[in-house]
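What follows is the residue order along each chain.
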Amino acid sequence: MRSRNTKLVAVALLVLLAINLFPLYVMVSVSVKGEGTVLSHLYDLIPSEPTLENYREIVSHGPFARYFFNSTVVVAFVVLGNLAFASTAAYAIARSRRKYANLMLALLVSTMMIPKHIMMIPLFTLLLRMNLIDTYYALVLPFLVDAFNVFFIHQYVKSVPREMEEAAFVDGAGLFTTFTRIVFPALKPALVVVATNTFLLNWNSFLLPFILTNSDKVRTLPVGLAIFSQGEHSVDWGLLMAGATLAAIPTIVAFAFFQKHIVRGITEGAVRG
Amino acid sequence: MAQVVLEKVSKVFDGDVVAVDEASIEVADREFVVLVGPSGCGKSTFLRMIAGLEEASSGTISIDGRVVNDVAPKDRDIAMVFQNYALYPHMSVFDNMAFGLKLRKYPKDEIKQRVEDAAQILGIQELLDRKPKALSGGQRQRVAVGRAIVRKPKVFLFDEPLSNLDAKLRVQMRTEISKLHSKLKATMLYVTHDQVEAMTMGDRIVVLKDGLIQQVADPMTLYDSPVNKFVAGFIGSPAMNFIDATLKDDGGLYVDEGTFKAKLPSRMENMLRPHVGKQITFGVRPEAIHDEASDDFAGESASFKATVEVVEPMGNETVVYITTGKTPLVARLITRREIKPETEIQLVMDMRRVHFFDPTDEKTIV
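Just so you know, the residues in each chain are numbered from 1, in the order the chain's sequence is written. For naming, the first written chain is A and the first written ligand is 1, with later ones following in the order written. Reporting of local features is limited, given that this is a predicted model, to residues whose pLDDT is at least 70; pairs of side-chain atoms are given and counted only at 80 or more, and all residues count toward the totals for whole chains, interfaces and linings. Side-chain metrics rest on all non-hydrogen atoms present in the structure, leaving aside hydrogens and water.

Moving on: the side chain of S87(A). Residue and element names in this part refer to chain A. Under the scheme used here, helices are H or I runs from DSSP no shorter than 4 residues and strands are E runs no shorter than 2 residues, and both carry numbers assigned from the N terminus. Among the secondary structure elements, S87 is positioned in helix 4 (residues 64-95). Only protein chains enter the accessibility calculation, which uses a 1.4 Å probe. A residue is then buried if its area is under 20% of the maximum for its type, exposed if over 50%, and partly exposed in between. Residue class for S87 comes out buried when judged on its relative accessible area of 0%. For S87, the side chain forms a polar contact with the main-chain oxygen of L83, separated by 2.5 Å. It only takes one pair of heavy atoms within 4.5 Å for two residues to be counted as in contact. Sequence-distant contacts of S87, that is, excluding residues within four places in its chain, are made with N82, I153, F179, F184 and L191. Two N or O atoms form a polar contact when they lie within 3.5 Å of each other; inside protein one atom must be a possible hydrogen donor and the other a possible acceptor, and for residues adjacent in sequence the pair counts only when both atoms belong to side chains.

What follows is the structure, encoded as structure tokens:
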């Protein structure tokens, strides 16, 4: 009975895996189809004459490297910002004895209910007035701290024994040292989840970076690829998919590296939170 | 090393919850004082105020002659051992112990020397490279104590450090902390809810209830001369028996419990005479009740009959739960005679060791 159940679960998982992997497979498969064969052989799952031409084209001719660099800079600042600001805010709220601390958290969490798209036009207008459109600032500043990250780390801080911090105070540490040397390391599983989620979210973000940039100087990968592969009347799918494949590599690597921490962070948060 | 003085120290939470109420005590240099009381009596708050982890609402706290009310914990020259060890999980045992010294910018050689010395005292030399999660409860507690002793502070504070250990380890660590006290010759304040720890470890014991200090005394004084019914009932295991009776005068004073009467020693008469004709509570410790058949007991005593309910043979003694028909009692009998439940037993009460309490304010009369 048990082995039958296990087999059923295994089959279900394989089906799920196939469904999830299929778009990725199509992406890679289209990326290695030669020019002109993409549309004529659209439904050929195994390309008849695979070629790396699209990759060569995108890396050598387009401003692909620039997009990659922009994405890396923007995402690095956004991730670091979220780690720094979300953890300090979460710690301050979790450890505050003032009655309004919970109210602050509730207000913060309530902002998660506002769809990001509603804020698009006000955000654009604001950045325009600040003369920040088409700069790194426009891509970094609005995303430096995410309410969900504050909430997520807050739940985690609650599970860190307060005595540990008190022991540090008695040992001779001030608030800053206690936070940086005792609390911050204790939050590692939560921080890895926050870093990975923020990375994935921002690395793949399209709409806002698309609106907030006008030139290749600051365009990020998803925006740049979409524009670069767009011909006058058509889309160069092979080129687009080659770019998307390259863009996906860092996210896959990041997940592979931090998979253990991500799963642990999420499950521990679930149990403790 | 240092003296710790608290003068009328109070702690009020949220404007109306009084955790500690005008507590005053002087802890002498090198003294081992145990704070004991039931859960929620304010004993931990008391300690945390000395550590600087809670602010006193009123009163003054001095360490070594200096008022420390507004001094940060790190500048009070104290060390504290917490109930749940509070080790830093990402640091090795060595780093856990060295953390305080590193923050105080001690030279590396001295840090190493001090940590190794402390590790040797506590027998944890082999554990210095391990992380806390690879240690047992007892080992973690040793590291927590080690972290305190490397700093050589003026005052050690222990907040129920043994509560998370199993019974055997608790007894072992108890004696080790006592040994440590005589070795370090330091001032120590120790919080516990366990009256056995309090009795066995403290030079003096502070008994707390509802934020109020009930009595401060050495263990034997506390045991023999409790100031009120609470202290009498809290100290001692099994606890003191309390019997409600009427005080009567029939040429000599005696108490009438309803099912038995007991004549009082003449030395108590003067103190008790104003209560004649009134209800009174008298207390007798379980070991002051003897088995008439086998104990060689002579003296001012009262004989009474009781029904045995539960028998707990401990080997060296037998704890017997009995009832007089009106009052349930516990007796510790030094007897090897077989006592069976649901039988009648003839017992004697040592009246020289009886305590009398005023039923209205529960204070000791004699």
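Picking up after the structure, the text goes on.
The next point concerns the pattern of salt bridges. Definition used for salt bridges: Asp or Glu carboxyl oxygen within 4 Å of a side-chain nitrogen of Lys or Arg. Per the stated rule, a full pass over the model turns up 23 salt bridges over all chains. With its nearest N and O atoms 3.3 Å apart, the salt bridge here joins E54(B) to R97(A). One end of the pair, E54(B), is in the loop between helix 1 (43-51) and strand 4 (58-63); the other, R97(A), is in the loop between helix 4 and helix 5 (100-110), on a second chain. Of the residues examined, E54(B) reaches a relative accessible area of 8% and is grouped as buried. Notably, a salt bridge pairs E31(B) with R204(B), separated by 2.5 Å at the nearest N-O pair. Here E31(B), found in the loop between strand 2 (17-27) and strand 3 (32-36), pairs with R204(B), found in strand 9 (residues 204-209); they are 173 residues apart in sequence, far enough to count as distant. Taking relative accessible area as the criterion, E31(B) reaches 10% and is therefore assigned buried.

Residue and element names in this part refer to chain B. Buried residues of nine kinds, namely Ala, Val, Leu, Ile, Met, Phe, Trp, Tyr and Cys, make up a nonpolar core once their side-chain atoms join them within 4.5 Å. With 82 residues, the main nonpolar core has F46, L157 and L189 as its most contacted residues. Leaving out residues up to four positions away in the same chain, F46 has contacts with L6, V20, A23, I25, L35, L208 and I213. Among the nonpolar cores identified, the runner-up in size contains 47 residues, and I111, L128, L162 and A186 belong to it.

With that settled, consider the interface of chain A and chain B. Facing 17 residues of chain A, the contacting portion of chain B comprises 22 residues. For the pair chain A and chain B, the two sides together bury roughly 1,700 Å², of which 63% comes from carbon and sulfur. It is V170(A), D171(A) and R181(A) that lose the most area in chain A upon contact with chain B, and together they represent 38% of the buried surface on that side. Linking chain A with chain B are 3 salt bridges, by the criterion used here. Sorting the residues of the side of chain A that touches chain B by element identifies helix 9 (162-171) and helix 10 (175-186) of chain A as the ones contributing at least two each. The element contributing the most residues to the side of chain A that touches chain B is helix 9 of chain A, with 8 residues. Charged residues are taken to be Asp, Glu, Lys and Arg, nonpolar residues to be Ala, Val, Leu, Ile, Met, Phe, Trp, Tyr, Cys and Pro, and polar residues to be all remaining types, Gly included. In the side of chain A that touches chain B, the residues fall into 9 nonpolar, 3 polar and 5 charged. Note: buried area is the sum, over both parts, of the accessible area (probe 1.4 Å) each one loses when the two are combined.

It is worth spelling out the pairing of strand 16 (residues 301-313) of chain B at this point. Residues and elements named next belong to chain B. DSSP bridges decide pairing: two strands pair if at least two such bridges lie between them. Relative to strand 19 (residues 344-350), strand 16 is paired through 7 bridges, and the arrangement is antiparallel. Looking at the pairing, T307 lines up with E344 of strand 19. Relative to strand 17 (residues 318-323), strand 16 runs antiparallel, the two sharing 6 bridges. The residue of strand 17 that forms the bridge with V308 is I322. Count of turn residues in the strand 16/strand 17 antiparallel hairpin: 4 residues, of which G315 carries a positive phi of about 100 degrees.

On to the confidence of the model for chain A. Scored from 0 to 100, pLDDT reflects the predictor's confidence in each residue. On average, residues of chain A score 87 in pLDDT, and 92% of them are at 70 or above. The element-level mean pLDDT for chain A is lowest in helix 2 (residues 37-40) of chain A, coming to 66, with helix 7 (residues 136-140) of chain A highest at 95.

Residues and elements named next belong to chain A. At a minimum axis separation of 8 Å, helix 5 and helix 8 (residues 147-158) run at an interaxial angle of 135 degrees. Considering the angle they form, helix 5 stands oblique to helix 8. The chirality of how helix 5 crosses helix 8 is left-handed. Only A147, V150, F151 and H154 of helix 8 make contact with helix 5, whose side of the interface consists of L105, L108 and V109. Taken together, the residues of the contact of helix 5 with helix 8 sort by class into 6 nonpolar, 1 polar and no charged. Only the contacting stretch of a helix is used when fitting its axis, a line to C-alpha atoms as for every element, and angles between N-to-C directions run 0 to 180 degrees. When describing relative orientation, an angle under 35 degrees is termed roughly parallel and one over 145 degrees roughly antiparallel, while 65 to 115 degrees is termed roughly perpendicular and anything else oblique. Crossing handedness is defined as follows: a turn of the near helix away from the far one that is anticlockwise and smaller than a right angle gives a left-handed crossing, while the clockwise case is right-handed.

Of note, V223(A) is situated in helix 13 (residues 221-228). The spacing of V223(A) and V157(A) is 66 residues in sequence and 36 Å in space, taken between C-alpha atoms.

All names here are of chain B. Residue P238 is bonded to the preceding S237 through a cis peptide linkage, with omega at -5 degrees. Among the secondary structure elements, P238 is positioned in the loop between helix 8 (229-234) and strand 11 (241-249). Within the chain, K185 stands out as a residue other than glycine whose phi angle is a positive 50 degrees. Counting through the fold element by element, K185 comes out in the loop between helix 5 (167-184) and strand 8 (187-192).

When helix 3 (residues 53-60) of chain A is considered as a whole, its buried residues turn out to be N54(A), Y55(A) and I58(A). Down the axis, helix 3 of chain A shows its buried residues gathered within 100 degrees of arc, on one side only. Note that the arc is defined by the directions from the helix axis to the C-beta atoms.

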